[in-house]
Amino acid sequence: MKFAISSKGDNKSNMLMQRMKSYLIDFGLTLDEEKPDIVISVGGDGTLLYAFHRFKHRLDKTAFVGVHTGHLGFYADWTPDEIEKLVIAIAKTPYQVVEYPLLEIIVRYKHNGKESKYLALNESTVKGVEGTLVMDVDIKGQTFETFRGDGLCLSTPSGSTAYNKALDGAIIHPSIRAIQLTEMASINNRVFRTVGSPLILPDHHTCMLKPLNQDDFIITVDHLQLLQKDVKSIQYRVADEQIRFARFRPFPFWKRVRDSFIGE
Ligand code: NAP
């Protein structure tokens, strides 16, 4: 089996990465940074986001596992003192794979007719470069509302515990193939009105954002910030691709939510 390891880059994560590398090689695995069967991320959830984007071109062939060197993460749930156990499990047991939904983003441009496609593990947000964001929000081909405010966030179920949660979105179990739309500070008065509640769309519904007052936007895709110019529309839906996590023990999602936000 071939493996790759990504580290957060701090001393603790780098040292743990080196230890895991030599253990795995001792167990007969091959280090392959190009075509790994398993990717181990050492750091936090943020580190796993980076690892996902590094290997997103081979999602059907790669499984991910995360070790945390700070606090318990949603993607990074192994502790540093468990790494021997994890290495043996990777080397010796045929692991289970759990798949989580991803968000597909298609940005279409006004004049050249071109489009760019992105995949997010957590979410994508849209904010204006200048002033209030004004956009028509279409759902499944029908105009739903005109949004005015700071921005909009579309998140995956596993990203629902990240930025989406800070926007008062619901936490969605990652076995549900859906995306969630949340508002950032919408303007609501007698003239302008939005629904105000987060919307959860199933995997056969598309959300299309169409700019009304400007053409340039900051679109985030997880940790990436992209300046997008001359935008005609931004389309969101549940992606056909999924991320695969290698599971070596049960760690129920709601237990992670409880341990992360309420306490053990
Ligand atoms: P960062 O600003 O350095 O860290 C963002 C924080 O979000 C970290 O504590 C990270 O955990 C945590 N996180 C990431 N994915 C998560 C998930 N699925 N569930 C719960 N917590 C999660 O940025 P970054 O490390 O590059 O991560 C980018 C992410 O930051 C974005 O995808 C977005 O979700 C999040 N973000 C949140 C807010 C907000 O809550 N107001 C604002 C902007 C961006 P670790 O410490 O384990 O890495």
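Let me begin by describing the structure that accompanies this report.

This next bit is on the overall build of the protein. A tally of regular secondary structure across the protein gives five helices and 16 strands. Compactness check: the protein gives a C-alpha radius of gyration of 20 Å against a globular reference of 18 Å for 264 residues, within 12% of the reference. Seen through its C-alpha atoms, the protein measures out along the principal axes to roughly 65 × 45 × 35 Å. The burial tally for the protein puts 51% of its 264 residues in the buried class. Working note: accessible area of the protein is about 12,400 Å², and carbon and sulfur atoms make up 51% of it. Averaging the locations of the 33 positively and 32 negatively charged side chains of the protein gives two centres separated by 2 Å.

Next up on the list: the environment of Val-134. By secondary structure assignment, the location of Val-134 is in strand 9 (residues 133-139). Sequence spacing of Val-134 and Ser-186 is 52 residues, and the spatial spacing of their C-alpha atoms is 9.8 Å. Beyond its immediate chain neighbours, meaning those up to four positions away, Val-134 contacts Thr-146, Phe-147, Arg-148, Lys-210, Pro-211, Leu-212 and Asn-213.

What follows covers the pairing of strand 4 (residues 63-68). Counted residue by residue, strand 4 has six buried out of six residues, so it is predominantly covered. Judged by which residues are buried, strand 4 turns out to be covered on both faces: Ala-63, Val-65 and Val-67 on one side and Phe-64, Gly-66 and His-68 on the other are all buried. Taken together, the six bridges between strand 3 (residues 38-43) and strand 4 define a ladder with parallel strand orientation. If you follow Ile-38 over to strand 4, its bridge partner there is Ala-63. After leaving strand 3, the chain enters helix 2 (residues 45-54) and then returns to the sheet as strand 4, a path that is right-handed. Note: strand 4 against strand 5 (residues 76-78), two bridges, orientation parallel. Its bridge partner being in strand 5, Gly-66 is matched across the sheet by Ala-76.

Around the ligand lies a shell of 16 residues, among which Asp-45, Gly-46, Asn-122, Glu-123 and Thr-161 are the nearest. Residue Asp-45 places a main-chain N or O atom 2.8 Å away from an oxygen atom belonging to the ligand. The separation between an oxygen atom of the ligand and a polar main-chain atom of Tyr-163 is 3.2 Å. Surface burial for the ligand is 62%, taken as the share of its 840 Å² of free accessible area covered by protein chains. When contributions to the shell around the ligand are tallied by element, the ones reaching two or more residues are helix 2 and helix 4 (163-166). Considering each element in turn, the shell around the ligand owes the most residues, three residues, to helix 2. Of the residues that constitute the shell around the ligand, the class distribution is six nonpolar, seven polar and three charged.

Now for the nonpolar core. Ranked by size, the top nonpolar core spans 26 residues in total, and within it Ile-105, Val-126, Val-137, Cys-207, Leu-209, Ile-234 and Tyr-236 carry the most contacts. Listed by contribution, the elements that provide at least two residues to this core are strand 6 (96-109), strand 9, strand 10 (142-155), strand 11 (178-186), strand 12 (199-202), strand 13 (207-211), strand 14 (217-221) and strand 16 (231-247). Membership of the second largest hydrophobic core comes to 21 residues, among which are Phe-3, Ile-5, Val-42 and Ile-90.

Moving on, we come to the pattern of salt bridges. It is possible for side chains of opposite charge to pair when their charged atoms get near one another. For the coordinates displayed, the defined rule picks out 15 salt bridges. Between Arg-256 and Asp-77 there is a salt bridge; the shortest N-O distance is 3.0 Å. One end of the pair, Arg-256, is in helix 5 (residues 253-261); the other, Asp-77, is in strand 5, and 179 residues separate them in sequence. The burial state of Arg-256 is the same as that of Asp-77; both residues are buried. The partner of Lys-110 in a salt bridge is Asp-215, and the shortest N-O contact between them spans 2.5 Å. Taken together, the positions of Lys-110 in the loop between strand 6 and strand 7 (115-120) and Asp-215 in the loop between strand 13 and strand 14 put the pair 105 residues apart, joining distant regions of the chain. One continuous salt-bridge network, built from bridges that share partners, spans Glu-104, Lys-117, Arg-237, Asp-240 and Glu-241.

Attention now goes to the environment of Lys-12. Among the secondary structure elements, Lys-12 is positioned in helix 1 (residues 11-26). Residue Lys-12 is classed as partly exposed on the basis of its relative accessible area, which comes to 47%. The spatial distance from the C-alpha of Lys-12 to the C-alpha of Val-42 is 9.3 Å, given a sequence separation of 30 residues. Sequence-distant contacts of Lys-12, that is, excluding residues within four places in its chain, are made with Thr-69 and Pro-80.

The rules behind each value
Residues numbered from 1 in each chain as written. Predicted model: local features only at pLDDT ≥ 70, side-chain atom pairs only at ≥ 80, totals over all residues. Heavy atoms only, no water. Helix = DSSP H or I, 4+ residues; strand = E, 2+ residues; numbered from the N terminus. Rg over C-alpha atoms; globule rule 2.2 N^0.38 Å. Buried < 20%, exposed > 50% of the residue type's maximum accessible area, 1.4 Å probe, protein only. Areas by Shrake-Rupley, 256 points an atom, 1.4 Å probe, with all protein chains shown as cover. Lys, Arg positive; Asp, Glu negative; His and termini not counted. Charge placed at Lys NZ, Arg CZ, Asp CG, Glu CD. Contact = heavy atoms within 4.5 Å. Pairing = 2+ DSSP bridges. Right-handed = clockwise from strand over helix to strand, strands pointing away. Near = heavy atom within 4 Å. Polar contact = N/O pair within 3.5 Å; in protein donor to acceptor, adjacent residues only side chain to side chain. Nonpolar A, V, L, I, M, F, W, Y, C, P; charged D, E, K, R; others polar. Core = buried A, V, L, I, M, F, W, Y, C linked by side-chain atoms within 4.5 Å. Salt bridge = Lys/Arg side-chain N within 4 Å of Asp/Glu carboxyl O.

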